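# Summary of the model geometry
The lines below spell out each chain.
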Amino acid sequence: MKYLDEYRDPVLATKLVAEIHRVATRPWTLMEVCGGQTHTIVKQGIDEMLPAGVRMIHGPGCPVCVTPLEQVDKALAIAAHPSVIFTSYGDMLRVPGSTTDLLSLKARGADVRIVYSPLDAVRMATANPGRQVVFFAVGFETTAPANAMAVWQAAQHGIDNFSILVSHVLVPPAMIALLESPSNRVQAFLAAGHVCAVMGWTEYEPIAERYRVPIVVTGFEPLDLLEGILMAVRQLEEGRAEVENQYVRAVRREGNRLAQETVFRVFDIGERTWRGIGEIPSSGYHLKPAFARFDAEAKFGVEAIATKEHPACIAGAILTGEKVPLDCTAYGVLCSPQKPLGAPMVSTEGTCAAFYSAGRGLGVPARPLELVAPMTTEVAR
């Protein structure tokens, strides 16, 4: 994208807010799926500009946050091996496991390194043939193509000292699980634009039809989100339940076919456990049998690890939208970005971190939209 100011124009934002107020005639509850969208909504106070009856629920769209505790503990067990170079994106290093985190393990001497691509880890394995190099493959469909390509290249070049700890999760099954929950309040979704840039939105069409829920594929800037909210509210008011695309500059219905082919060359779909939510059928990627030698869980024998969440952390209820960070007694007291109890306070896409950075519940006054630079969305996973 060459220009950003056009998607952050406060004058246009004011017009979109006014139109949402004009269109909405009754209470509606919407959920944004992506954590990057959550940060923009909270940082800009978009949720506070909406009509009183239009409520935003913050969904489980943070890949770091939904990575189950047992996967973090498996990462810690693998990284503690003296023969291992453990690689990860930086935001996983401070996610608390049962007893510690990767950054603390690194401080005690473990060889834990931050990389910016799984291909960096493949090159590291080539340069260190006497060491085992493991990459923590966390994320939604967005990062799956790069991780699949890393495994494919390792297989093609016979790099057997490389493996990945897979913790990929998929968005559509999580949306279905939320809609089928007895406590569900979601009436419309803002779908994650980066996921749809890879996968398209055909998977969402049966969900919209079966559950009679509007789904709007939405970007990450303030005007993207306000327009996405307006499109969703219009559908609700008109009694429609369709998939619409607000993020036209980046997303096509069919997605990126080449990226999809790369993913399904290496991964199969199977059940996956989500932190705070539990097991969701067909909601994660797993290595195909042909690539089983690159499975770090099997290579290091860490398949079965018992874990226990911190009793004060309500991350599960926050990830499903049942509660907000201000409902947590630990928020801002026992739990902060400096000393997090759970992943939603660690990740740059976590709801708790979004509330904390915006000063919600901390006595920090809100700033008007035109004075707040929108949070730059990192390459989302």
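Residues numbered from 1 in each chain as written. Predicted model: local features only at pLDDT ≥ 70, side-chain atom pairs only at ≥ 80, totals over all residues. Heavy atoms only, no water.

In terms of helices and strands, the protein chain carries 16 helices and 11 strands. Compactness check: the protein chain gives a C-alpha radius of gyration of 21 Å against a globular reference of 21 Å for 381 residues, within 12% of the reference. In terms of its C-alpha atoms, the protein chain occupies a principal-axis envelope of roughly 65 × 45 × 45 Å. Looking at the protein chain as a whole, 57% of its 381 residues qualify as buried. Intrachain contacts of the protein chain at a sequence separation of at least 6 include 79% that bridge at least 24 residues. Per element, the accessible surface of the protein chain, about 15,800 Å² overall, is 54% carbon and sulfur. The distance from the centre of the 35 positive side-chain charges to the centre of the 40 negative ones in the protein chain is 3 Å. (Helix = DSSP H or I, 4+ residues; strand = E, 2+ residues; numbered from the N terminus. Rg over C-alpha atoms; globule rule 2.2 N^0.38 Å. Buried < 20%, exposed > 50% of the residue type's maximum accessible area, 1.4 Å probe, protein only. Contact = heavy atoms within 4.5 Å. Areas by Shrake-Rupley, 256 points an atom, 1.4 Å probe, with all protein chains shown as cover. Lys, Arg positive; Asp, Glu negative; His and termini not counted. Charge placed at Lys NZ, Arg CZ, Asp CG, Glu CD.)

Here the structure, examined in full by the defined rule, presents eight aromatic pairs. Aromatic side chains phenylalanine 220 and tyrosine 247 sit 5.8 Å apart centroid to centroid with 85° between the ring planes, which places their arrangement in the edge-to-face category. With phenylalanine 220 in the loop between strand E8 (215-218) and helix H12 (222-238) and tyrosine 247 in the loop between strand E9 (243-245) and helix H13 (257-266), this pair connects stretches of sequence that are 27 residues apart. Since its relative accessible area comes to 8%, phenylalanine 220 is described here as buried. Considering the side-chain rings of phenylalanine 267 and tyrosine 285, the 5.5 Å spacing of their centres and the 15° angle between planes classify their relative orientation as stacked. Highlighted residues: phenylalanine 267 in strand E10 (residues 267-274) and tyrosine 285 in strand E11 (residues 278-287), separated in sequence by 18 residues. With respect to burial, phenylalanine 267 and tyrosine 285 carry one shared label: buried. (Phe/Tyr/Trp six-rings, centres within 6.5 Å; stacked < 30°, edge-to-face > 60°.)

As for its position among the elements, lysine 15 is in helix H1 (residues 10-23). Note: C-alpha distance between lysine 15 and leucine 226 (211 residues apart in sequence) is 9.7 Å.

Mean pLDDT for the protein chain: 91, with 94% of residues reaching 70 or above. In this model, residues 366-381 is a region of pLDDT below 50 whose contacts with residues beyond four sequence positions or in other chains number 38 contacts. (pLDDT = per-residue confidence, 0-100.)

Across the sheet, which stays open at both edges, the five strands sit in the order E2-E1-E7-E8-E9 with parallel pairing between neighbours. Each end of this open sheet is capped by a strand with a single partner; those strands are strand E2 (54-58) and E9. If you compare each strand with its neighbour and ignore which way they point, the axes differ by 25° on average. Bridge analysis of strand E1 (residues 28-32) against strand E7 (residues 188-192) gives three bridges, and the strand direction is parallel. Residue pairing for E7: methionine 31 is matched across the bridge by phenylalanine 189. Of the strands in this sheet, E1, E2, E7 and E8 touch helix H2 (residues 35-44), which is tilted by about 135° from E2. (Pairing = 2+ DSSP bridges. Axes fitted to C-alpha atoms, helices over the stretch in contact; angles between N-to-C directions.)

The topology assignment puts histidine 58 in strand E2. Of the polar contacts made by the side chain of histidine 58, one reaches the side chain of glutamate 32; its length is 2.5 Å. (Polar contact = N/O pair within 3.5 Å; in protein donor to acceptor, adjacent residues only side chain to side chain.)

Here we take up the sheet that holds strand E5 (residues 132-139). Taken in spatial order, the four strands make up an open sheet running E4-E3-E5-E6, and their pairing is parallel. Two strands lie at the open edges of the sheet, namely strand E4 (112-114) and strand E6 (162-168), each paired on one side alone. Taking each pair of neighbouring strands and ignoring which way they run, the sheet shows an average axis angle of 25°. Two elements, strand E3 (residues 84-88) and E5, share four bridges in a ladder whose sense is parallel. Paired with valine 84 across the strands is glutamine 132, a residue of E5. Contacts from helix H5 (residues 69-79) reach E3, E4, E5 and E6 within the one sheet, and its direction differs from that of E6 by about 165°.

Under the defined criterion, the tally for this structure stands at one disulfide. Disulfide pairing places cysteine 62 opposite cysteine 65 at an S-S distance of 2.5 Å. Every disulfide takes its handedness from the sign of the S-S torsion; for cysteine 62 and cysteine 65 that torsion is 70°, giving right-handed. Residue cysteine 62 is classed as buried on the basis of its relative accessible area of 3%. What makes cysteine 65 buried here is its relative accessible area of 1%. Cysteine 62 provides the cysteine sulfur closest to cysteine 34, a residue in no disulfide bond, and the two sulfurs are 9.0 Å apart. (Disulfide = S-S within 2.5 Å.)

A negative phi angle characterises most non-glycine residues, just as the trans form characterises most peptide bonds. Despite not being glycine, arginine 212 shows a phi value in the positive range, around 55°. Tracing the backbone shows arginine 212 in the loop between helix H11 (205-211) and E8. Taking relative accessible area as the criterion, arginine 212 reaches 53% and is therefore assigned exposed. Phi at serine 282 is positive, roughly 50°, even though this residue is not glycine. By the secondary structure assignment, serine 282 is in strand E11.

Packing of H1 against H12 brings their axes to within 10 Å, and their N-to-C directions diverge by 15°. For the element pair H1 / H12, the angle class is roughly parallel. Like other packed secondary-structure pairs, H1 and H12 cross with a definite hand, here left-handed. Along its contact with H1, which presents Leu12, Ala13, Leu16, Val17, Glu19, Ile20 and Val23, the element H12 presents Leu223, Leu226, Glu227, Ile229, Leu230, Val233, Arg234 and Glu237. Residue composition of the contact of H1 with H12, grouped by class: 11 nonpolar, no polar and four charged. (Parallel < 35°, antiparallel > 145°, perpendicular 65-115°, else oblique. Left-handed = near helix turned anticlockwise from the far one by under 90°. Nonpolar A, V, L, I, M, F, W, Y, C, P; charged D, E, K, R; others polar.)

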